[in-house]
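Summary of the model geometry
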Amino acid sequence: MSLKAGIVGLPNVGKSTLFNAITKMNILAANYPFATIEPNVGVVTVPDERLVFLNEMYKPKKLIPTTFEFTDIAGLVKGASKGEGLGNKFLSHIREVDAIVEVVRCFENGNITHVEGKIDPIRDIEIINTELVLADLEIVENRISKIEKKAQTTKDKQAVIELATLKKCQESLNKGEALRKIDWNKEELDILSPFNFITLKKIIYAANISEDDIASGNDEFTKQVVDYANKEGAKVIVMCAKLEEELSGLEDEERDAFMQDLGIESSGLDQLIKATYDLLGLKTFFTSGEDECRAWTFKDGMKAPECAGIIHTDFQKGFIKAEVTSYNDLKELGSEKAVQEAGKLRIEGKEYLMQDGDICFFRFNVTK
C-alpha cells in the first residue's frame, strides 16, 4: 500500500534537513531558496516495538517493517499560486501526496536567512496555507465555469450535484478556509476525489526549534504554532531538525545514550513518523514465523479479505478464513501454544474488521 506524506514550508525552515534525518539520505540542504528543485522521495520505516518482540520470539530469517513515503517538496513562497518562485510546479507535487507535513521555523539564527526577513511562525503558516487555498480556488472556479451552464440548462442530476459541491468549496476557499475543515458526505467526497485538492488533505505541523530550546521547552514561537493548530484540530510535533539529522547518523546504542543525556524519551522524528502514520488512518497487522516476520500497512476499516489482498491478490480472491491472534495476547501469554490453550486464537471470516496489532494466518483457495 503506497502512501505518501509531503513535507512543505517556506524556504530555509528546515525541510530538507528534516528529510535528511527521515530517510538518512544526504540530499542538498543549502542556505538559499530553491535548493531542492525536484521533489525528493524517500521510504521511511515506521518504528514499532511489536515487530522487535516478534523478532525476538521467532528469530526469523527475514524481518520486514512497514513503511511509507515522505516527499520533500521545494520551498513555497508568497505568490506561488500565481507562479512566483517555482510556483505551480511545486503545487502539482503537493497534489500527489496523501497528507501534508508543514514545517514551521521556530528558531532564530542570523546565519540562516529567512525569505520574509524575520521569524514569525503564524505569518509563515498563513502564507503557505493562503497559497494552497488560492491554488484550489483556481481549480474550483475553472471547473464551475465549465459545468455551470450544463447544470442549469439540462438539469443533469450528476452535474447539479457536482456544481453544488463545488459552490460549497468556493464559498469556503473564498473565506480563506481549507476544505478539510468542512464536513463532507461520501457522495461529495467521491465528486471531489479526482481533483486532488491540496487543502482537503490532512495536515500536521512540525515546529522546528533550536537545540537550545529542546531542554527548556519554553519556546514562545512553538506556543504560537500549537495555539494555531488547536483552532483547526491539527497536531503539532515539536522537534529540532538539525538534532534529528545528527541522531539519524548514530548507531542505536549511541543514539539512545545521546537522547538520555538530553533528557529525551522519544525523538521528534519517531513522533512525527508515528503521528503522520496515524494521520493517514493507517494501522498495522503482522504475519510471523521462522521464515519471516513482517508488518503490513492497512487502512482503518478494512476487512480481513482486503487485508489478505495486500499480501497477494490470490489471498483475497480465494479467501476462506483468517486465523487471528492479538499481539497483546501473544505478548502476555508468551507463545502460540499458550495462546491456543487459552482459547485466544480466533477464526475470523469475510466480515471481520481487521484490528491494529492482529497477527494473521490467511487460509485461501484459488481454483484454476
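Numbering of residues begins from 1 in every chain and follows the order in which that chain's sequence is written. Only residues with pLDDT of at least 70 get local features here, since the model is predicted, and only at 80 or more are side-chain atom pairs given and counted; chain-wide, interface and lining totals rely on the full set of residues. Derived side-chain values reflect all non-hydrogen atoms in the structure, with water molecules and hydrogen atoms excluded from consideration.

Considering the overall build of the protein chain
Broken down by element type, the protein chain carries 15 helices and 12 strands. Scored against the burial criterion, the 368 residues of the protein chain give a buried share of 49%. Two residues qualify as a contact provided that any one of their heavy atoms is within 4.5 Å of a heavy atom in the partner residue. Considering only contacts in the protein chain between residues 6 or more positions apart, those separated by 24 or more positions represent 69%. Every accessible area reported is derived by Shrake-Rupley at a probe size of 1.4 Å, with residue values counting cover from the shown protein chains alone. Summing over all exposed atoms, the protein chain offers an accessible surface of approximately 18800 Å²; the carbon and sulfur share of this is 47%. Comment: elements are numbered from the N terminus, with helices defined as DSSP H or I runs of at least four residues and strands as E runs of at least two. Per-residue accessibility, obtained with a 1.4 Å probe over protein chains only, is compared with the maximum for each type, and a residue is labelled buried under 20%, exposed over 50%, and partly exposed between these values.

Some points on the sheet that holds strand β7 (residues 235–239)
A strand pair is defined by DSSP finding two or more bridges across the two strands. The 6 strands lie next to each other as β2-β4-β1-β5-β6-β7, forming an open sheet whose pairing is mixed. In this open sheet, the two strands that pair with only one neighbour each are β2 (40–45) and β7. In this sheet, adjacent strand axes meet at a mean angle of 25° when their direction is disregarded. Here 4 bridges tie strand β1 (residues 4–8) to strand β4 (residues 67–72), and the two strands are oriented parallel to one another. Here an axis means a line fitted to C-alpha atoms, over the contact stretch when the element is a helix, while the angle between two N-to-C directions is reported on a 0 to 180 degree scale.

Structural notes on the environment of P121
By the element assignment, P121 lies in helix α4 (residues 121–154). On the basis of relative accessibility, which here comes to 0%, the residue P121 falls in the buried class. P121 sits 104 residues away from V225 along the chain, and the two C-alpha atoms are 6.7 Å apart. Every residue in contact with P121, bar those within four places of it in the chain, is listed here: V104, R105, C106, F221, Q224 and V225.

Quick look at the environment of F319
Mapped onto the secondary structure, F319 falls in strand β10 (residues 319–326). Residue classification places F319 among the buried positions, given a relative accessible area of 6%. For the pair F319 and R363, spaced 44 residues apart in sequence, the C-alpha separation works out to 6.3 Å. Ignoring anything within four residues of it in the chain, the contact list for F319 reads A304, P305, A308, E348, G349, K350, F362, R363 and F364.

Here's the deal with the nonpolar core
Counting 58 residues, the largest nonpolar core has L18, F70 and Y205 as the members making the most contacts within it. Of the residues forming this core, the biggest block, 6 residues, is contributed by helix α11 (residues 268–279). Here, nonpolar core means buried Ala, Val, Leu, Ile, Met, Phe, Trp, Tyr and Cys residues that are tied together by side-chain atoms lying within 4.5 Å of each other. Membership of the second largest hydrophobic core comes to 17 residues, among which are L163, C169, I182 and F195.

Details of the confidence of the model for the protein chain
The predictor rates its confidence in each residue with pLDDT, a number between 0 and 100. For the protein chain, the average pLDDT comes to 86, and 89% of its residues sit at 70 or higher. A low-confidence stretch, residues 26–37 (pLDDT under 50), is modelled with 32 contacts involving residues beyond four sequence positions or located in other chains.

A short note on the packing of aromatic side chains
Pairing of aromatic rings covers Phe, Tyr and Trp, the last counted by its six-membered ring, and requires centre-to-centre distances within 6.5 Å; plane angles under 30 degrees mean stacked, over 60 mean edge-to-face, and any other angle means tilted. Counted under the stated rule, the structure contains 10 aromatic pairs. Here the aromatic rings of F195 and F197 are separated by 5.2 Å at their centres, their planes lie at 15°, and the arrangement is stacked. For the pair F195 and F197, a shared accessibility class is recorded, and that class is buried. An aromatic cluster is present here, built from F285, W296, F298, F319 and F362 joined pairwise through their rings. Stacked on the ring of W296, the Lys or Arg R294 has its end atom at 3.9 Å from the ring centre. Charge over a ring is defined by NZ of Lys or CZ of Arg lying within 6 Å of the ring centre and within 35 degrees of the ring normal.

Topic: unusual backbone geometry
Phi is positive for N12, which is not a glycine, with a value near 65°. Position of N12 relative to the elements: it lies in the loop between β1 and α1 (15–23). One non-glycine residue, K155, lies in the positive phi region at around 60°. With respect to the helices and strands, the residue K155 is situated in the loop between α4 and α5 (157–174).

Notes on the side chain of E244
Secondary-structure assignment places E244 in helix α9 (residues 241–248). Charged-residue counts in this description rest on Lys and Arg as positive and Asp and Glu as negative, His and the chain ends being excluded. Each salt bridge in this description consists of a side-chain nitrogen of Lys or Arg and a carboxyl oxygen of Asp or Glu lying within 4 Å of one another. With no salt bridge to any partner, buried E244 finds its closest opposite charge in R255, at an N-O distance of 5.3 Å. Each polar contact in these results corresponds to two N or O atoms within 3.5 Å; when the atoms are within protein, one needs to be able to donate a hydrogen and the other to accept it, and residues that are neighboring in sequence are counted only if both atoms are side-chain atoms. There is a polar contact of 3.3 Å between the side chain of E244 and the backbone nitrogen of L269.

Overview of the pattern of salt bridges
Close approach of charged atoms lets side chains of opposite charge pair. Overall, the coordinates contain 20 salt bridges when judged by the stated rule. For the salt bridge of E148 with K167, the shortest nitrogen-to-oxygen distance reads 3.2 Å. Placement of the pair is E148 in helix α4 and K167 in helix α5, with a sequence separation of 19 residues. A relative accessible area of 34% places K167 in the partly exposed class.

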